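Tertiary structure, described
The primary structure of each chain is shown beneath.
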Amino acid sequence: MAERSFEVVKPGLATTVQDLGRPGYYHLGLPLSGAMDRFALIAANRLVGNPDGAAGLEAVFLGPELRFSADALVAITGAELPPKLDGVEQPLWSAFAVKAGQVLSFAFLKGGARAYIAIAGGIDVPEVLGSRSTYALGALGGFEGRALKAGDVVPLGAPTGTGREGASLPKEGRRPAQESGVEIRVVPGLYWHRITEEAQAGFFEDTWKVAPEADRIGYRFRGGKKLDFVPRQQPFGAGSDPSNIVDSCYPYGSIQVPGGTEPIVLHRDAVSGGGYFMIGTVISADMDLIGQLQPHQPVRFQSVTLDEALAARAVEKARLAKLGELI
Amino acid sequence: MAKTIQAPLPGTFYRSSAPGEPPFKSEGDAVAVGDTIGLIEVMKSFTPVVAEEAGTLLAFHVENEDAVMAGQPLYDLDA
């Protein structure tokens, strides 16, 4: 066993090593990867004295059970997935001490979707193309390119020593999981003209629900009205369905609607291109929010201008900057 | 004594392994530790709901294909 490590007793549903991602290779088909809720991972890292980009664990819907080989400082943020240490509940959004031999486990999820587990020193798996993030579809990065399994022994880095037990992010600095009234802001995109005016209006008026298959690759929604397309003769190179286009790049956050029925927001592990039209792109400020949506949760899409999207990005940056004052 | 068993994770609850197949368990059935009670589908995978306690299944709180939240009551067991 590595000197500082933890052993996976139970892996949870799909627990992966993630940092802030692997930008710069999307044009080669390699997605960004990294935490679906970047704010939560950064907050967790700050709480234990790690640099923002240290690798932690992303646990979705169901927490893992981990046995520590050495004393460690741990913080859990993001989803409301209550941590327990040898069965005793611990606070969220706070740094707590774990003794060698103790077991970290979790109670049932109470809100949100993805919890982030930061450990002082970070998770010390090898960097691949500048990141420790797991891209499971490509079997790349993270711990052996996959989600954790029972029996894995995961190495930890050396702590900086700046983290302190009891450090906590006050409530006003957190983003609580929203159960109702979730609005996702969208800038209508290049292919907006492909659907009828009624379909354009309907997309933003309808309530959509997160489909259970939504994952790190794409968040699928259903329940709104089928989108009608403006008739055209399909151009050479495009498929025969009206939702097909001549192959194009897919931006991070873009919303494709195959067959006009179920919008899919491409997220951190998305494919980088293909032949489906995109109705628009979710603004960067709201991508973290999507990572915390549960299956069947109702959402609405809201149309914003590029200026509004940039203003929202500035608000997010300010919130991140405030983290330094709060912790 | 009757006990309520909760869903371990959110998703869609199924009472049988495939459409048209008989349910894993019906009300009144005996349950042994390790028995599959149902499946929860989320992120393109089906996670079995496995009994951690033996007893008699008294009642289901959810129907086949219902949306469930983590912690939501799934079934009552007379242990």
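Residues numbered from 1 in each chain as written. Chains lettered and ligands numbered in written order. Predicted model: local features only at pLDDT ≥ 70, side-chain atom pairs only at ≥ 80, totals over all residues.

Moving on: unusual backbone geometry. Even without being a glycine, L129 of chain A presents a positive backbone phi close to 50°. Mapping L129 of chain A onto the fold places it in the loop between strand 10 (111–119) and strand 11 (153–155). Not every positive phi belongs to a glycine, and K44 of chain B is a case in point at roughly 65°. The class for K44 of chain B is exposed, based on 10 C-beta atoms found within 10 Å. (Helix = DSSP H or I, 4+ residues; strand = E, 2+ residues; numbered from the N terminus. Buried ≥ 20, exposed ≤ 12 C-beta atoms within 10 Å, placed from the backbone.)

Residues and elements named next belong to chain A. Most of strand 10 is tucked away: 8 of the 9 residues are buried. Note that strand 3 (residues 56–60) and strand 10 share 4 bridges and pair antiparallel. Each residue of the ladder has a partner; that of A59, found in strand 10, is A115. The sheet contact formed by strand 5 (residues 72–80) and strand 10 spans 6 bridges and is antiparallel. When the sheet's bridge partners are listed, G78 is paired in strand 10 with A115. (Pairing = 2+ DSSP bridges.)

The subject of this paragraph is the sheet that holds strand 2 (residues 11–14) of chain B. All names here are of chain B. Across the sheet, which stays open at both edges, the 4 strands sit in the order 5-4-2-7 with antiparallel pairing between neighbours. Every other strand in the sheet has two partners, leaving strand 5 (45–50) and strand 7 (67–68) as the edge strands with one partner each. Alignment of strand 2 against strand 7, held across 2 bridges, turns out to be antiparallel. Bridging across to strand 7, T12 finds its partner in A67.

Moving on to the environment of F108 of chain A. Tracing the sequence through the fold places F108 of chain A in the loop between strand 9 (103–106) and strand 10. Along the chain, F108 of chain A and C249 of chain A lie 141 residues apart, while their C-alpha atoms are 39 Å from each other. If we ignore the near neighbours within four places in the chain, the residues touching F108 of chain A are Q6, P8, A70 and G71 of chain B. (Contact = placed C-beta atoms within 7 Å.)

All names here are of chain A. Looking at the assigned domains, one finds that chain A contains domain 1 (5–169) and domain 2 (182–324). The distance between the C-alpha centroids of domain 1 and domain 2 comes to 28 Å. Across the boundary between the two partners, domain 1 contributes 21 residues, which contact 15 residues of domain 2. No other element matches the 5 residues that helix 1 (residues 38–47) contributes to the side of domain 1 that touches domain 2. Looking at the side of domain 1 that touches domain 2, its residues break down into 11 nonpolar, 6 polar and 4 charged. (Domains from an automatic or database assignment. Nonpolar A, V, L, I, M, F, W, Y, C, P; charged D, E, K, R; others polar.)

To continue, consider the interface of chain A and chain B. Counting residues at the interface gives 13 residues for chain A and 14 residues for chain B. Of the residues belonging to the side of chain A that touches chain B, the class tally is 8 nonpolar, 2 polar and 3 charged.

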